[in-house]
Amino acid sequence: MELGETILTIALLLTVYALAAHIIGIWKKKNELFDSGRIAIIGIAILTTIASIWLFNLFITRNFQYEYVAIYSSLDLSMVYTISAFWAGADGSLLLWAWLISIYIAVIAARGKSYDNLIKHAMPVILVTLAYFFYMLLTESRPVRMLDFMPADGNGLNPLLQDPGMLFHPTTLFWGYAGVIIPFALMVAGIYLSDDTWIYRARRWALWAWLGLALGNMFGSYWAYTVLNWGGFWGWDPVENASFLPWLTMTAFYHSTMIQERKGGMKFWNILLILFTWELTVYGTLLTRSGIIASVHTFGQSVTAPYYINYMAVVLAATLILVVWKYKSIQSKKVFESFVSREASFLYNNWIFMAATASVLWGTTYPLLSEAFRGYKVMVGPSFYNQVNVPLGIALLFLMAICPLIAWRKASVPHLKRNFTRPLAVALIAIVIAFAVGIRDFYALVAVAGTVLVTSTHFMDVSRIVNKQKKLEDAGALKNIGRAFWNNRRTFGGYMCHIAILMIIVAAAGAVVYEQAQTFNMRIGGTYSVGDYDFKLTSIDEYAKGNKDVQAAYFDVYKNGQKVLTKGEARMYHYVKQESTNVKPMAYTVGIDDLYFSAQAITADSATVKIKVMPWMFLMWIGGFYVLIAGILICVSTVVPIRQKRAFDDININQNNKIIAEESI
Amino acid sequence: MNRKLKNMFGIGIVAVLLIYLGAQSFSNALSFYYEVGEFVQKSDSLNGKVVNVNGSIVKGSTIWEPEKARLTFKLADNNGSITVVSNEGMPGNYKEGIPAVVTGFYINNTFQATQVVTKCPSKYGGDLDHGDHNET
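Being a predicted model, the structure only gives us computed values, none of them experimental.

Concerning the overall build of chain A
Counting its regular elements, chain A contains 19 helices and 10 strands. For a compact globule of 665 residues, the expected C-alpha radius of gyration is about 26 Å, and chain A comes in at 27 Å, within 12% of that figure. For chain A, the spread of C-alpha atoms along the principal axes amounts to about 75 × 75 × 60 Å. With 665 residues in all, chain A has 51% of them scored as buried. Long-range contacts, defined as pairs at least 24 residues apart, comprise 72% of the intrachain contacts of chain A with a sequence gap of at least 6.

Some words on the overall build of chain B
Of regular secondary structure, chain B possesses 3 helices and 7 strands. In chain B, the succession of helices and strands from N to C terminus is α-β-α-β-β-β-β-β-β-α. Residue burial in chain B is summarised as follows: out of 136 residues, 30% are buried. In chain B, of all internal contacts separated by at least 6 residues, the share reaching a separation of at least 24 is 49%.

Looking at the pairing of strand β1 (residues 30-35) of chain B
Across 4 bridges, strand β1 (residues 377-380) of chain A lies against β1 of chain B in antiparallel orientation. For K377 of chain A, the partnering residue across the bridge sits in β1 of chain B and is Y33 of chain B. As paired strands, β1 of chain B and strand β2 (residues 51-57) of chain B are joined by 3 bridges and run parallel to one another. By the bridge assignment for β2 of chain B, E35 of chain B is matched with N54 of chain B. Crossover connection from β1 of chain B via helix α2 (residues 36-42) of chain B to parallel β2 of chain B: handedness right-handed.

Some points on the sheet that holds strand β9 (residues 593-602) of chain A
Residues and elements named next belong to chain A. Taken together, 4 strands build an open sheet; the order of strands is β2-β10-β9-β8 and the sheet is antiparallel. Pairing within the sheet leaves two strands with one partner each, and these edge strands are β2 (516-523) and β8 (586-590). Averaged over all pairs of adjacent strands, the angle between strand axes in this sheet comes to 25°, irrespective of strand direction. Judged from the 5 bridges that link them, β8 and β9 form a sheet pairing that is antiparallel. Directly across from Y588, in β9, lies its bridge partner L595.

Thoughts on the domain arrangement of chain A
Residues and elements named next belong to chain A. Annotation of chain A at the domain level lists domain 1 (1-157), domain 2 (391-513 + 625-664) and domain 3 (516-617). The centre of domain 1, based on its C-alpha atoms, is set 44 Å off from the matching centre of domain 3. Every contact between the two is made by 5 residues of domain 1 and, on the other side, 4 residues of domain 3. In the side of domain 1 that touches domain 3, the residues fall into 1 nonpolar, 3 polar and 1 charged.

A word on unusual backbone geometry
Residues and elements named next belong to chain A. The backbone phi angle of S194 is positive, close to 55°, even though this residue is not glycine. Accessibility expressed as a C-beta count within 10 Å gives 10 for S194, which makes it exposed. Of note in the backbone geometry, N560 takes a positive phi value of approximately 50° without being a glycine.

A look at helix α1 (residues 3-29) of chain B
Every α-helix winds through 3.6 residues per turn, so residues three or four apart in the chain are directed the same way. In this model α1 of chain B runs 39 Å from its N-terminal to its C-terminal C-alpha over 27 residues, within 8% of the 39 Å that 1.5 Å per residue would give. Those residues of α1 of chain B lying buried are G22, F26 and A29 of chain B. Where α1 of chain B is buried, its residues touch α12 (342-374), β1 and α13 (382-402) of chain A together with β1 of chain B.

Comments concerning the sheet that holds strand β5 (residues 548-559) of chain A
What links the strands of a sheet is backbone hydrogen bonding, and the strands pair in either a parallel or an antiparallel sense. Residues and elements named next belong to chain A. Pairing is antiparallel in the open sheet, where 5 strands are placed in the order β3-β4-β5-β6-β7. The open sheet has two edge strands, β3 (527-530) and β7 (580-584), and neither has a second partner. Between one strand and the next, the sheet's axes are offset by a mean angle of 30°, whatever the strand orientation. Sheet analysis places β5 next to strand β6 (residues 562-575), joined by 11 bridges and oriented antiparallel. Its bridge partner lying in β6, F555 is registered against G568.

A word on the pairing of β9 of chain A
Residues and elements named next belong to chain A. With 10 of 10 residues buried, β9 is to be regarded as a mostly interior element. Between β8 and β9, which pair antiparallel and follow one another directly, the connecting turn spans 2 residues, one of which, G591, has a positive phi of 60°. In terms of strand pairing, β9 meets strand β10 (residues 606-615) through 9 bridges, oriented antiparallel. Residue pairing in the sheet places L595 in a bridge with V613 of β10.

Concerning helix α5 (residues 90-110) of chain A
For α5 of chain A, built from 21 residues, the straight-helix expectation of 30 Å at 1.5 Å per residue is met to within 8% by its first-to-last C-alpha distance of 30 Å. Among the 21 residues that make up α5 of chain A, 16 are buried, leaving the element largely enclosed by the rest of the structure.

Description of the packing of α5 of chain A against helix α6 (residues 117-139) of chain A
All names here are of chain A. Axis separation between α5 and α6 bottoms out at 10 Å; the angle between their running directions is 155°. In this view, α5 runs roughly antiparallel relative to α6, as classed from their interaxial angle. Of the two elements, α5 crosses α6, and the hand of that crossing is left-handed. Taking contact as the criterion, the partners of L94, L95, W97, A98, I101, S102, I105 and I108 in α5 are, on α6, I119, M123, I126, L130, F133, F134, M136 and L137. A per-class count over the contact of α5 with α6 returns 15 nonpolar, 1 polar and no charged.

What to know about the domain arrangement of chain B
Annotation of chain B at the domain level lists domain 1 (1-30) and domain 2 (32-121). One C-alpha centre belongs to domain 1 of chain B, the other to domain 2 of chain B, and the line joining them spans 40 Å.

A look at the environment of N480 of chain A
Residue and element names in this part refer to chain A. Structurally, N480 is set in helix α16 (residues 477-487). According to the C-beta neighbour criterion, N480 is buried, with 20 such atoms within 10 Å. Separated by 213 residues in the primary sequence, N480 and K267 place their C-alpha atoms 37 Å from one another. The contacts of N480, once residues within four sequence positions are left out, are V466, Q469, K470, D474 and A475.

Thresholds applied
- Residues numbered from 1 in each chain as written.
- Chains lettered and ligands numbered in written order.
- Predicted model: local features only at pLDDT ≥ 70, side-chain atom pairs only at ≥ 80, totals over all residues.
- Helix = DSSP H or I, 4+ residues; strand = E, 2+ residues; numbered from the N terminus.
- Rg over C-alpha atoms; globule rule 2.2 N^0.38 Å.
- Buried ≥ 20, exposed ≤ 12 C-beta atoms within 10 Å, placed from the backbone.
- Contact = placed C-beta atoms within 7 Å.
- Pairing = 2+ DSSP bridges.
- Right-handed = clockwise from strand over helix to strand, strands pointing away.
- Axes fitted to C-alpha atoms, helices over the stretch in contact; angles between N-to-C directions.
- Domains from an automatic or database assignment.
- Nonpolar A, V, L, I, M, F, W, Y, C, P; charged D, E, K, R; others polar.
- Expected span 1.5 Å × (residues − 1).
- Parallel < 35°, antiparallel > 145°, perpendicular 65-115°, else oblique.
- Left-handed = near helix turned anticlockwise from the far one by under 90°.

Here you go:
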């Protein structure tokens, strides 16, 4: 047997052993079985790591006798993309997924102290899944299958995948995908054991998975913007939607866990949300890997679709049976006393996320249903997603503004007046100023109002927390802020995530509403204007770079007579091996604007180029890549102490409610 | 009607309104998807309507006019072929002989494409060059 498949077979056998050890250990109450099960889990991670290194090695040595290597790489492919070709296809992606899951559970298994009853019951769920993945890797989705001949060269990597985005987008997305199974398994164990503490354990992993999903989506968006020549950051492509769906439900879950954590409510809802998140994760893989939907980056026809569909059906059925069986133990406490309260705002937040999920899921799935049940194919255009999700996004924006300052339990009229008069006044002034400076578009004005409202309510809450710190121990302004931040990392981290989302919304609104675009056929020396900018085509060049020929048109850009950009490029790539021509969009940030060049044709002395001026786009990347990551990492840093505190609080939930009520007054 | 019921009623109205608006925009965003042969049969009734057509780019049919950023090619399957014109420049991964989905409308016996999406990855999963050595 081939080396990689031998290693994967041993990993499968160890997984079955670890599974049996856990089940018998639970059944016979034998702790030593868990100890050997944990060692087996660490062994699985080691073996999967070796199998992955083996596949990397096959790519690096360009061993085309392996079918997967021959299909996704070639002699002329640069080394960095040869390595990233590991996850270019369905089979390698499945190995990456299994690898990451095995590492996650090895981390859990290695931490003996926290390997408690809940984890012992959760682990079989993960091990069954992992065994199923190994079985697929050895039967239908074989990344290390050998050919019975040695091809002279490989087919090469899809030119659209030959981009640095290829290093980060799939890996971060699978980091998230792999992470989702852990909260799901904890949920199953929690229901089985009637143990509500699963929610605290799940939060940590949910955050970790959410970070991966958020990053994966952001990298995907950046890739679409700078590589795919869609001219935008989001095209509602079915495969984009596939990774967006679990992010939506995971975000809803992360918010609603706060209600279960603080008040013991929304238990059933949280179970549904994490079930949906895991199901949508697998569904996303089904969409991207099975080729059942025509998309820019589906991976061609595959025979694995029934495997994923069967898995989803079994997971859904088993979880629902478990829920019905244990229904009595998952009764929530009554937490909603008023429609105007912080609890209610969390509920509305969840409704909005679920409405967005339903619309995206429906739009993505409808073409499949139509073909299967009505016999004709249809496609759903981006207008549907925009028309539904833009109003939902606006509602979410205002909810985000209300949330930090609204009282728990029930917000009285004096409370609302006291907390919201100033932010509303500031927002109103902002609208007037925006109107006065010439902003007339409805959505732009709404974005301005929402942005100012969110910023001011968050600022007010932050000052409230800092003042509280000052009253406790006044150590000077800077130290007070620092200590307030450190002692309230989770709140501050959450607020940073809110601000990041706000930046993304502002960027999207600015780019969509105020985007200016024109297509020109220009000769060298010609100057054309878009918005406030003059674009002068200065020269055209052709050169070879790596495995492609590059045609480049160079522009100098002027604003009010001042040169603001020298040698901005519009590029086209011709990949010799693939005999394929691709446009490489180029974006340059000048002041608050992105200047976006998308070449449509380049000849020796002329170029046809679509030029866009997109304001505020830089905020999207700063918000998505820096603020969001920092916010989540700050949240992650607080998880352990807060989890312990909350576990204690849960026992004294009435006492906790009193404290919260006092805090919110 | 008590306060809770009123609130529920209000939320219900908003939900129904949103679902109605969503359904409206959904029906407007739907476009039909045909194979080339199917489309050719129905082309009279589809004249001017935005549709998606799936087929293969016919080898030797491409006319590329870079100064106009205009691409003309034939899209075909076993049951028919159409002439496609796109003024949107060169689509990503364009190559003759591979499958493509064109979005646009049919007018004057020509398909005016607003979008051409090549189904690129399928060709990377295609046959491998056997080479001339090391048969094992």
